[in-house]
Amino acid sequence: MAYKASLIEAKWQKIWDEEEYFEPKDDFTLAKKYILSMFPYPSGRIHMGHVRNYTIGDALARYYRKIGFNVLHPIGFDSFGMPAENAAIKHKIHPKTWTYENIAYMKKELFSLGFSFSKRKILATSDPFYTKFEQELFIKMFEKGLIYTKEAKVNWCEQDQTVLANEQVEDGKCWRCGHEVVQKKMPGYYVKITAYTEELLKDLDKLKDKWPNQVLTMQENWIGKSEGLEFCLNLDEESKQKACADSLEVFTTRADTIYGISYIALAPEHPIIQNLLIKAYLNEDVSDRIKAMQNQSPRERQSALKEGYFLGIYAIHPLSKEKIPLWVANFVLADYGSGAVMAVPAHDERDFDFAQKYNLAIKQVIQTQKPLPYTQKSGKLINSEEFNELDCNEARLKIISKLEAQNIGKKVVNFKIRDWGVSRQRYWGAPIPMVKCQNCGIVPQKLENLPIVLPQDVQITGEGNPLDKHPTWKICICPKCGQQAQKESDTLDTFFESSWYFARFASDEKTWEEKVLDKKSVSYWMNVDQYVGGIEHAILHLLYARFFQKVLRDLGYLTQDEPFNRLLTQGMVLKDGAKMSKSKGNVVDPDEIIKKYGADTARLFILFAAPPAKELEWNDDALEGAYRFIAKLYDRAQKIRKDKLLELKQENLNKEEKYARLKVYEALKKSFEVYEQSFAFNTLIAACMEALNALASCNNEALEQEAFYIILNILEPIIPHVCFELSKELFDCKNFVKLNLKEEVFIKDNLSLVVSINGKKRAEFEVLSTASKEEIMMLAKENVSKWLEGKTIIKEIYVEAKLVNLVVK
Ligand code: ANZ
Ligand code: ZN
């Protein structure tokens, strides 16, 4: 019979399903592994990125199951979010219908790939009980002061009357209608991630060598701890009046360059500028430009061309007492440091560009042979009065001390990270479980009223928030005073859901309708031992998840500080050098591949084509190659004797057979290292191919049996269907177990060596092939000792594995 993927795959998927092969066991005395691939958004169909993500995770889950661990390998759907609403507008279908139809379809696709997910643990974050306990968590966090409300700037489209995410602002315009986007102050709920800043930073150390360095660095930069000096500059007398202020503060990490200040740059939102605008001290053009800058999103401001205007006022240098002009500049952020920068063009790239553009002074204060701007933190100070000649690190400390002594400045630590705004003015999300009451202000919903569910009957038009516009949904009773009040109509950012789903999986699913998390199974299953997902989640998702873990810990739900012991970020799947995407028209549909070649081929190709962390270039020939490999494996297996297992003895094997057996065991040895450490599946597959090739030149039934037994075992996590099929057929084995190495296989044969003296053969002896050259020379001399009596050896020649020649006199 020839290899027929579709039959074999359907057969085994049915057996696995019926016999509940992949359900984790409730016996918490067993050693466990929790293997998790990031859950998908139910966009409609799975794509090759998913296939790669889940094939890697599945291979690890299957491996650990095989070597005896109790394995949790769950899957779910991150099912709230914008695309469901866009689909609703485009296809006139309810977001819920669209979402759950997609989930049903994608589930089928995922199981058709043979992934060994637990079927009891499947969840969708839009499920009512997920919402219920997410809302409970929200309230607990609110009560702990970890969630609060404030007014803050958001991207706002006047046309659509809606808030836009940064990703939805294109070139300062709304992605949907093209209308100008403005920055509008809106009230919203914020999660106080900054309460955990120091711990989030410090605990990155625990993840060293377990998470990719790149991810650790990105998180570190995002948290952005920076130690520096904050100091005060007085305005000159005339400017004080105009600005309605006596002084201003700046934050600098380079106090050593203080004598190099050539101007002060203020953020467009700085209070001094507000005062100047109110009193109309600035001309109309400048005022308009400043307002335009205020409306640029933070991202635009960082990338936009540097733009600024002189404000007509001056500050006094605290040490040199020079007059310094004040400018407004778009690159200065209002909410970092004090929203004002001491600009040192000679030693800072940005300040330098700005000074060149606007013809401002450039004062060098660190000696260098290099061209300006010289931004390194090394060298001696010049043009810095009493601090001249000091090394800049020493000077920095001395200048800070001097300003501290004069009470002009102090050391401060600043962080880049900001609290996380979670309010979204959208329908398809978890309602924020709060009530707005005229008497009581904002009040959490009562826990027994949860979940606060979405109304079914909504008009989704893309304009405004459907919940806000709903005729009755908002009306409620205040949980505190009992009078009529209003539900909060904003829903949660979907990152809120994905920040704790891994803990929910770890919780006993039989309690999913009863509580947030059940401690017993969570403490058994957590942490995730191996997390697998895309690098695009390096910051937000992984940071929020780390934060939630710490909050869950402090709320008493679990005990571990970090959620993910190890992280693997898989590379992208490319075709013709570009990321697969609908717009580029270079997508390969996994369903087509499965239909044509089968799931095992898709899995083998994905793991063989590149190491998991590297980019993977799609290649039709390699896909064909993967198919041929499996078909050939299947064919060869058909010729193996099935009626009885033959005995295999190492000492009865000839040279070729020993070599082939060695290759098989080398592959087995490699499999431990690959599945547990390096994830270099491609090299493991190559080792199996090499073993099969070596085997092809042997003719030994017992050896063939053993080799297939082992190779099917090694490859099962990668191509499970065909391995299950053949193992059952050949060895009547329906379960894979951990196999052990056999030492004798690794012992290479003895060498037979000839010893000659002055070119004449005198003796022959046997030695282990692993013997060193020194040992061999010693043995050689012993074997010819009688010919050496009274002679001196003047030369020793060793021809590897063949001959020792001694030249004597
Ligand atoms: C003078 C100076 C001289 C600076 C020099 C740098 C180099 P990090 O390390 O990221 O914390 N800065 C301060 N507040 C700012 C704001 N609100 N918006 C934009 N930039 C701001 O960066 C700190 C440096 O960023 C500070 O040190 C300040 O410029 C600038 F040769 O002060 B520095
Ligand atoms: Zn009330």
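Before reading on, note that the structure itself is shown above.
First things first, this report covers the structure right here in the doc. (Residues numbered from 1 in each chain as written. Chains lettered and ligands numbered in written order. Predicted model: local features only at pLDDT ≥ 70, side-chain atom pairs only at ≥ 80, totals over all residues. Heavy atoms only, no water.)

## Some points on the overall build of the chain
Here is step 1: Counting its regular elements, the chain contains 28 helices and 32 strands.
Here is step 2: Seen along its three principal axes, the alpha-carbon backbone of the chain occupies a region of about 110 × 80 × 50 Å.
Here is step 3: Looking at the chain as a whole, 55% of its 809 residues are labelled buried.
Here is step 4: A total accessible area of about 37100 Å² is found for the chain, and carbon and sulfur atoms account for 49% of it. (Helix = DSSP H or I, 4+ residues; strand = E, 2+ residues; numbered from the N terminus. Buried < 20%, exposed > 50% of the residue type's maximum accessible area, 1.4 Å probe, protein only. Areas by Shrake-Rupley, 256 points an atom, 1.4 Å probe, with all protein chains shown as cover.)

## A short note on unusual backbone geometry
Here is step 1: The omega torsion across L372 and P373 is 0°, close enough to zero to call that bond cis.
Here is step 2: Residue N527 is bonded to the preceding M526 through a cis peptide linkage, with omega at 0°.
Here is step 3: Along the chain, N527 turns up in the loop between helix 17 (519-525) and strand 24 (528-534).
Here is step 4: Positive phi outside glycine occurs at N383, with the angle close to 50°.
Here is step 5: As for its placement among the helices and strands, N383 is situated in the loop between helix 12 (349-358) and helix 13 (392-405).
Here is step 6: Non-glycine residue F679 carries a positive phi angle of around 60°.
Here is step 7: For F679, the location among the structural elements is in the loop between helix 22 (655-678) and helix 23 (681-696).

## Thoughts on the coordination of the zinc ion (ligand 2)
Here is step 1: Taken together, the protein donors to the zinc ion (ligand 2) comprise C437 (SG), C440 (SG), C478 (SG) and C481 (SG), at separations of 2.2 to 2.4 Å.
Here is step 2: One way to put it: the four donor atoms around the zinc ion (ligand 2) meet at angles of 106 to 113°, and that makes the site tetrahedral.
Here is step 3: Sequence spacing of the donor residues for the zinc ion (ligand 2), all on one chain, is C-x2-C-x37-C-x2-C. Of this pair, C440 sits in the loop between strand 19 (434-437) and strand 20 (441-444) while C478 is found in the loop between strand 21 (475-477) and strand 22 (484-487), placing the two residues 38 residues apart along the sequence.
Here is step 4: Taking relative accessible area as the criterion, C440 reaches 24% and is therefore assigned partly exposed. (Donors = N, O, S within 2.8 Å, 3.2 Å for Na, K, Ca; no water. Tetrahedral: all angles 85-135°; square planar, octahedral: opposite > 155°, others 65-115°.)

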